[in-house]
Amino acid sequence: MERLEIQRTEKEKLRKLEAKDLERRNEELEELYLLEACFPEAEKLKRDSRLLSKWKHYIQCDGSPDPSISQEINTFISLWKEETNETFEAVAVKSKLVLKLIDKLKLILLETPSYDLQEKNIIQYQGSILELQELLHLKFNIATEILLRQASTLADLDSGNMEKVIRDENVTLYVWANLKKNPRYRSIRFSETQIGFEIPRILATSDIALRLLHTHYDHVTPLGPVATASQEHTSTATYFGKDEVKSVEAAVSKDLQEEYKEQENESNSVHEEETKVDEQGGIEGQTSSVQEEPEATKYELEMKLLSETVSAAQLLLLENAPEKPYFSEENEVDLCQFTALGGVHHLDILELPPQCKPRKGWMIVEILKEGLQKYTYPPETAEDFGTENTFPPIEVMLEVHENVIFFENPMVARWDAEGKHWKTDGISNVSYKSEDRLITFSLETFGPVTLIQDAHVNMPYQSWELRPLDVNKVLLTVTTVFTEIQIQIKENLCMLASIKLNNKKHSSILEEKWMTPVSFIIALKEAGLNIFPTGHSHFYVVINYKLPLVEVKAYRQMALLSSAFAFGWSKWNTVCDSNKVVFQW
């Protein structure tokens, strides 16, 4: 009997503990639901912010067009096409506005969630981006032609050839005109730089000009695809596309109508009783409360639907691509594995246009109808020339952009205009001096070239830490093999706090600049500090796979508690299975 009594007492204690734990869990779940209401609220604030930015642009009245409005951007493009005889300096100044418009359109495509983007808008924005890019490059070509017409008046007194360097914030022009055609003058160096060419004899005796147009931006690489809610996604998790959202809206709105009817019936019966008690004084107050209730219920429905849509979109961001990109051509650069850095170097051999001639106080010049023409090297038919060595590769020396970090020796890629992709063939004798930031290589044919780096050179991380600094302000520290990056996050803004390379502090122009998350990620990637995996990264980096739904839940909880708790990596996360996440806090 005593043993049974002990067992009964223990069971009673266990039952009370389970009841207490259940009560605690219910309280925590209620708190969790309350906290997770922040996510749809935050998304609603982002929508309002996007609308507010349009309004701010409208009331600024600074003369710049709104790139998201097709009429305004088309008018801007048409008016600029009509402007003629612009100097290179004038085009460079105008390019600042053009680049801002392009960046605005790209940010709209990247910052706007897929469920808020319509396919017709994506086509419109991408079409405007391409048109602005093409027009900007055309304007630079026309400005170069105008400059080369004056080559004879700008000739150097020592060499007799024309050399010109024009620097701007977003573009740098190096141009050399072969006026003397001296076969011994084959080594070209632009003054006060290490940039230059080693040209063969046949070019040294030809009526040509060499141009290096270094754009600090990349308008050559094709625009990436933009996901929309209408596109089908193969996924193990549920994804709410447009059709799904509509069905959810219909189902929830139906539930809402039924719920509202019940509430309306109950409220009407209550109001009838209250009206009998006080027919004169209370009718207006009760009518207003009836109107307020559906508004509140409508808001709850909106938040519920938005919460489901946001969760689905967050889940989609963490899903891995099912297939590795396929490339049909050999030596084609995989842009999922590599990234172009430091802009694009447009290398061109140009036919020297007719020169200006002074006549009785006037300058007479022949303007060719076809405009600036490229000199074909090597020529398509080389039968009239001697041996194959007549057209050797041209040696090129380039300076690496000072604001770009290469953790390994950069690779050189050339643009294939026919295939519309970057390739690594036709390039030889690549040499890189990291101290001088100078890269030398030989190029068989001229065209756009860029420097590429492995996009996953800083992955996987060695460690990470998320530490609170203040209310809605945290510090994220990511340590990789080559660097340690500290990022401050404050509300909806990010800032690069510090960088360490080989345990030494490295200065960057991005430090102390607050940006929105998307702009910040783009800026870090363009600086070579890519620590952001994509859906294809698992094909190139050994990862510790976790179920996307588990990751989303973990990230959401960390985001909610990051102002009060510190989180960090754990070595045990690699040994647990895919449906569990382990980290320190």
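Residues numbered from 1 in each chain as written. Predicted model: local features only at pLDDT ≥ 70, side-chain atom pairs only at ≥ 80, totals over all residues. Heavy atoms only, no water.

Draft legend 1. Up close: the overall build of the protein chain. The helix and strand inventory of the protein chain stands at 10 helices and 20 strands. Per-residue burial for the protein chain yields a buried fraction of 38% across its 585 residues. Pairs at least 24 residues apart make up 66% of the contacts formed inside the protein chain by residues separated by at least 6 positions. Working note: accessible area of the protein chain is about 35300 Å², and carbon and sulfur atoms make up 52% of it. (Helix = DSSP H or I, 4+ residues; strand = E, 2+ residues; numbered from the N terminus. Buried < 20%, exposed > 50% of the residue type's maximum accessible area, 1.4 Å probe, protein only. Contact = heavy atoms within 4.5 Å. Areas by Shrake-Rupley, 256 points an atom, 1.4 Å probe, with all protein chains shown as cover.)

Draft legend 2. Structural context of the sheet that holds strand E5 (residues 208–215). Pairing is antiparallel across the open sheet formed by seven strands, whose spatial order is E1-E2-E5-E6-E14-E10-E11. Unpaired on one side and paired on the other, strand E1 (162–167) and strand E11 (421–423) mark the two borders of the sheet. Neighbour-to-neighbour, the strand axes of the sheet open up by a mean angle of 25 degrees, direction not taken into account. Sheet topology places E5 next to strand E6 (residues 338–351); eight bridges connect them, and they run antiparallel. Residue pairing in the sheet places Leu 212 in a bridge with Leu 347 of E6. (Pairing = 2+ DSSP bridges. Axes fitted to C-alpha atoms, helices over the stretch in contact; angles between N-to-C directions.)

Draft legend 3. Looking closely at the sheet that holds strand E15 (residues 463–470). In spatial order, the strands read E19-E18-E17-E16-E15-E20; together these six strands make up an open sheet with antiparallel pairing. If you trace the sheet from one side to the other, it starts and ends with strand E19 (504–506) and strand E20 (567–568), each paired once. Packed on one face of the sheet, helix H9 (residues 517–526) meets strand E17 (483–490) and strand E18 (493–501) and runs near 25 degrees to E18.

Draft legend 4. View of the nonpolar core. Phe 88, Leu 132, Leu 136, Phe 140 and Leu 148 are the most contacted members of the largest nonpolar core, which totals 38 residues. The element contributing the most residues to this core is helix H5 (residues 119–149), with 10 residues. Both domains that meet at this core, namely domain 1 (35–149) and domain 2 (154–222 + 329–383 + 390–454), each give it at least three residues. Ranked by size, the runner-up nonpolar core spans 33 residues in total, among them Tyr 174, Ile 202, Leu 203 and Leu 451. (Core = buried A, V, L, I, M, F, W, Y, C linked by side-chain atoms within 4.5 Å. Domains from an automatic or database assignment.)

Draft legend 5. The environment of Asn 141, seen in detail. As for its position among the elements, Asn 141 is in helix H5. Taking the C-alpha atoms as reference, Asn 141 lies 9.6 Å from Leu 213; in sequence the two are 72 residues apart. Residues contacting Asn 141, with those up to four places away along its chain left out, are Arg 211 and Leu 372.

Draft legend 6. Inspection of a negative patch on the surface at higher detail. Together, Glu 23, Glu 27, Glu 30 and Glu 31 give the surface a local cluster of negative charge. Mapped onto the fold, Glu 30 is located in helix H1 (residues 2–36). Residue Glu 30 is classed as exposed on the basis of its relative accessible area, which comes to 57%. (Patch = residues over 30% accessible without salt bridge, like charges linked within 9 Å, V, L, I, M, F, W, Y side chains within 5 Å. Salt bridge = Lys/Arg side-chain N within 4 Å of Asp/Glu carboxyl O. Lys, Arg positive; Asp, Glu negative; His and termini not counted. Charge placed at Lys NZ, Arg CZ, Asp CG, Glu CD.)

Draft legend 7. View of the packing of aromatic side chains. Under the defined criterion, the tally for this structure stands at 11 aromatic pairs. Each ring, one from Phe 88 and one from Phe 140, has its centre 5.0 Å from the other, and the planes form 35 degrees; the classification is tilted. On the criterion of sequence distance, the pair formed by Phe 88 in helix H4 (residues 88–111) and Phe 140 in helix H5 is long-range, its members being 52 residues apart. Across the pair, exposure class does not vary: Phe 88 and Phe 140 are buried alike. Aromatic pair Tyr 377 and Phe 391: ring centres 5.8 Å apart, planes at 65 degrees, arrangement edge-to-face. Residue Tyr 377 is located in the loop between strand E8 (362–364) and strand E9 (394–399), and its partner Phe 391 is located in the loop between E8 and E9; the two are separated by 14 residues in the primary sequence. By way of ring pairs, the aromatic residues Tyr 174, Phe 190, Phe 197 and Phe 446 are connected into one cluster. (Phe/Tyr/Trp six-rings, centres within 6.5 Å; stacked < 30°, edge-to-face > 60°.)

Draft legend 8. Molecular detail of a nonpolar patch on the surface. Among the surface-exposed residues, Leu 35, Leu 561, Phe 565 and Trp 585 lie close enough to one another that they form a single nonpolar patch of about 420 Å² accessible area. According to the relative accessible area criterion, Leu 561 is partly exposed, its value standing at 34%.

Draft legend 9. Focus on the pairing of strand E13 (residues 438–443). Of all six residues that make up E13, six are buried, and the element is covered over most of its length. Residues of E13 alternate between two faces, with Leu 438, Thr 440 and Ser 442 on one and Ile 439, Phe 441 and Leu 443 on the opposite face, all of them buried. When E9 meets E13, the two strands line up antiparallel, connected through six bridges. Residue pairing across strands places Leu 398 opposite Ile 439, the latter belonging to E13. As paired strands, strand E12 (residues 427–433) and E13 are joined by five bridges and run antiparallel to one another. Each bridged residue has a counterpart across the sheet, and for Ile 427 the counterpart in E13 is Leu 443.

Draft legend 10. Molecular detail of the side chain of Thr 144. When you line up the elements, Thr 144 lands in helix H5. Judged by its relative accessible area of 1%, Thr 144 falls in the buried class. For Thr 144, the side chain forms a polar contact with the main-chain oxygen of Phe 140, separated by 2.7 Å. Within the structure, Thr 144 has its side chain in polar contact with the side chain of Arg 211 (distance 3.1 Å). Thr 144 has contacts with Phe 88, Leu 173, Arg 211, Leu 350 and Leu 372, leaving out every residue within four places of it along the chain. (Polar contact = N/O pair within 3.5 Å; in protein donor to acceptor, adjacent residues only side chain to side chain.)

Draft legend 11. Representation of the pairing of strand E14 (residues 448–454) within the structure. The buried fraction of E14 amounts to six of the seven residues, a majority that puts the element mostly inside the structure. Pairing between E6 and E14: six bridges, direction antiparallel. The residue bridging Leu 341 from the neighbouring strand is Leu 451, located in E14. In this sheet, E14 lies alongside strand E10 (residues 411–416) in antiparallel orientation, the contact comprising four bridges.

Draft legend 12. Representation of the pattern of salt bridges within the structure. The final tally for this structure, using the stated rule, is 16 salt bridges. Lys 139 serves as the salt-bridge partner of Glu 86, at 3.0 Å between the closest nitrogen and oxygen. One end of the pair, Glu 86, is in the loop between helix H3 (70–82) and H4; the other, Lys 139, is in helix H5, and 53 residues separate them in sequence. By the burial criterion, Glu 86 is buried, and Lys 139 matches it. Glu 169 is the partner of Lys 96 in a salt bridge, and the nearest nitrogen-oxygen pair spans 4.0 Å.

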